[in-house]
Each structure stands twice: as C-alpha cells, then as structure tokens.
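Each chain, written out:
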Amino acid sequence: TAAIGSFVAGTIATLLLTLLAPLVVEVALKFGPAEYFALMVFAFVTVAAVLGSSTVRGLSMLFLGLLFGLGGLLGIFIAVEAFFVLAEFLTAGYPGAEESGPVARLLVGPYAPLFWLEVGVGLLVPFLIVTYRRTRARPGWVALASAIAIGGIFVHRLNLILNGLSYAPIGV
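Residues numbered from 1 in each chain as written. Predicted model: local features only at pLDDT ≥ 70, side-chain atom pairs only at ≥ 80, totals over all residues. Heavy atoms only, no water.

1. Some points on the overall build of the protein chain
Within the protein chain one finds seven helices and zero strands. Start at the N end of the protein chain and walk to the C end: the helices and strands fall as α-α-α-α-α-α-α. Total accessible area on the protein chain is roughly 12,200 Å²; 78% of this is exposed by carbon and sulfur atoms. (Helix = DSSP H or I, 4+ residues; strand = E, 2+ residues; numbered from the N terminus. Areas by Shrake-Rupley, 256 points an atom, 1.4 Å probe, with all protein chains shown as cover.)

Here it is in structure tokens:
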C-alpha cells in the first residue's frame, strides 16, 4: 500500500507541477530585489524557528547546506564559462577570419602559458573537483574549487587585457 500511495502522490505532484509551472515562472520573473530580500528573510526565519535552542548549530547547518548547494551550481557555472571561452576562440580563430591573430598568439604565443593556465587550472581542475561526488560533498573542496575558478576568471580577464594591449593603437 505504501508503494501505491507513493505512486499516486508522485503522479499527482508531477501533474500539478506541470500545470502550475507557467504560473510559477510568471511570478518568479516578476521578482525584484525586494521580493528576493523578503524570500531570504522568510528562509532565515523558517530556519530560526526550526533550529530551536542552538542558534550556532542551526545557522552553521544553514550555511553548510548553502555551501553544498553551491557545489552543483559551481559545476554548471564552470561548464558555461568553458563553453563561452571555447565559442569565443572558435569564432575568432575560424579559418579565414580577420581576427585569428589574437587566437594564435594565445595558443602558442607569448601569452600561451596564461591561456593554458586558465583552461587547465582555472576551468578543468575546479570542474573535476565539483563533478566528483566525494569532493563535491565536502565544503573545503567546494571552497577550493570556487577559489580556483575565480582565479581562472582573473587569468581570463588578464589574457584579454594583455592580448589587447599588445597591438598598436588604431590611428597611430
């Protein structure tokens, strides 16, 4: 009977979710800063009501839960960043494109070590950390992956600046 009840409840929940999803999306898209703030206050008040007498333990569990949730988001962020980096270089380095010089300069030129540091360490290492189940479940590893990803983004911006400054100004 428990399996039948679970099946019926799951079916009803799935149907309701499917039917109500457009309405929820409309409401969510209207959210502004005030609504997000109210939602966060509601979440913190709910946690405060549930945690009981140990405030430190309850808040630490709240932030630990947030950190665990951010591990999956970090993996998605890194995958999107890697896609944009790849799309940028495939577009700029397309055979016959006028701007393929900067791509060659980044891949094998004087800025190649920074580029490969960005791709290898700044994108690949944190992505592997957060996709491996054992390390994704540990806050220290997620924090390390976050720090490495931020460093990779910094190196990417540094590559953009240095490569852009290596050309003579237009009109000189």
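2. Here we look at helix 1 (residues 2-29)
When the terminal C-alpha atoms of helix 1 are compared, their 38 Å separation across 28 residues agrees well with the 40 Å that a helix rising 1.5 Å per residue should span. Along its length, helix 1 reaches its greatest deviation from straightness, about 50°, at Leu20, and the proline Pro22 lies no more than four positions downstream. (Expected span 1.5 Å × (residues − 1). Bend = angle between axes of the 7 residues up to and from the residue.)

3. Remarks on a nonpolar patch on the surface
Together, Ile4, Phe7, Val8, Ile12, Leu16, Leu19, Leu20, Leu23 and Val24 make up an exposed nonpolar region whose accessible area comes to about 920 Å². Inspection of the secondary structure puts Phe7 in helix 1. (Patch = residues over 30% accessible without salt bridge, like charges linked within 9 Å, V, L, I, M, F, W, Y side chains within 5 Å. Salt bridge = Lys/Arg side-chain N within 4 Å of Asp/Glu carboxyl O.)

4. A short note on the environment of Phe127
Mapping Phe127 onto the fold places it in helix 5 (residues 112-131). Given a relative accessible area of 30%, Phe127 falls into the partly exposed group. Taking the C-alpha atoms as reference, Phe127 lies 7.6 Å from Ala145; in sequence the two are 18 residues apart. The residues contacting Phe127, other than those within four sequence positions of it, are Gly75, Ile78 and Ala79. (Buried < 20%, exposed > 50% of the residue type's maximum accessible area, 1.4 Å probe, protein only. Contact = heavy atoms within 4.5 Å.)

5. Some remarks on the side chain of His156
Topologically, His156 is positioned in helix 7 (residues 139-165). Overall, the relative accessible area of 5% leaves His156 in the buried class. Polar side-chain contacts of His156 include one of 2.7 Å to the side chain of Glu118. Not counting chain neighbours up to four residues away, the residues in contact with His156 comprise Glu81, Val85, Glu88 and Glu118. (Polar contact = N/O pair within 3.5 Å; in protein donor to acceptor, adjacent residues only side chain to side chain.)

6. Here's the deal with the nonpolar core
Grouped together as the largest cluster of nonpolar side chains are 13 residues, with contacts concentrated most on Leu74, Ile78, Val85, Phe89, Leu106, Phe115 and Ala145. Of all the elements in the fold, those that place two or more residues in this core are helix 3 (55-92), helix 4 (101-108), helix 5 and helix 7. Not counting residues within four places of it along the chain, the set of residues in contact with Phe89 comprises Val103, Leu106 and Phe115. (Core = buried A, V, L, I, M, F, W, Y, C linked by side-chain atoms within 4.5 Å.)

7. So, the packing of aromatic side chains
Throughout the structure, instances matching the rule amount to two aromatic pairs. Here Phe83 and Phe84 contribute two aromatic rings whose centre-to-centre distance is 5.7 Å and whose plane-to-plane angle is 55°, an arrangement assigned as tilted. Taking relative accessible area as the criterion, Phe83 reaches 52% and is therefore assigned exposed. Taking the relative accessible area as the measure of exposure, Phe84 reaches 51% and is therefore exposed. Ring geometry for Phe115 versus Trp116: centroids 4.9 Å apart, planes at 75°, classification edge-to-face. (Phe/Tyr/Trp six-rings, centres within 6.5 Å; stacked < 30°, edge-to-face > 60°.)

8. A closer look at the confidence of the model for the protein chain
Predicted confidence across the protein chain gives a mean pLDDT of 78, with 85% of residues reaching 70 or more. Put simply, helix 4 is where the protein chain has its lowest mean pLDDT, 72, and helix 5 is where it has its highest, 86. (pLDDT = per-residue confidence, 0-100.)

9. A few points about the environment of Phe89
In this fold, Phe89 is placed in helix 3. Under the relative-accessibility criterion, Phe89 is labelled buried at 15%.

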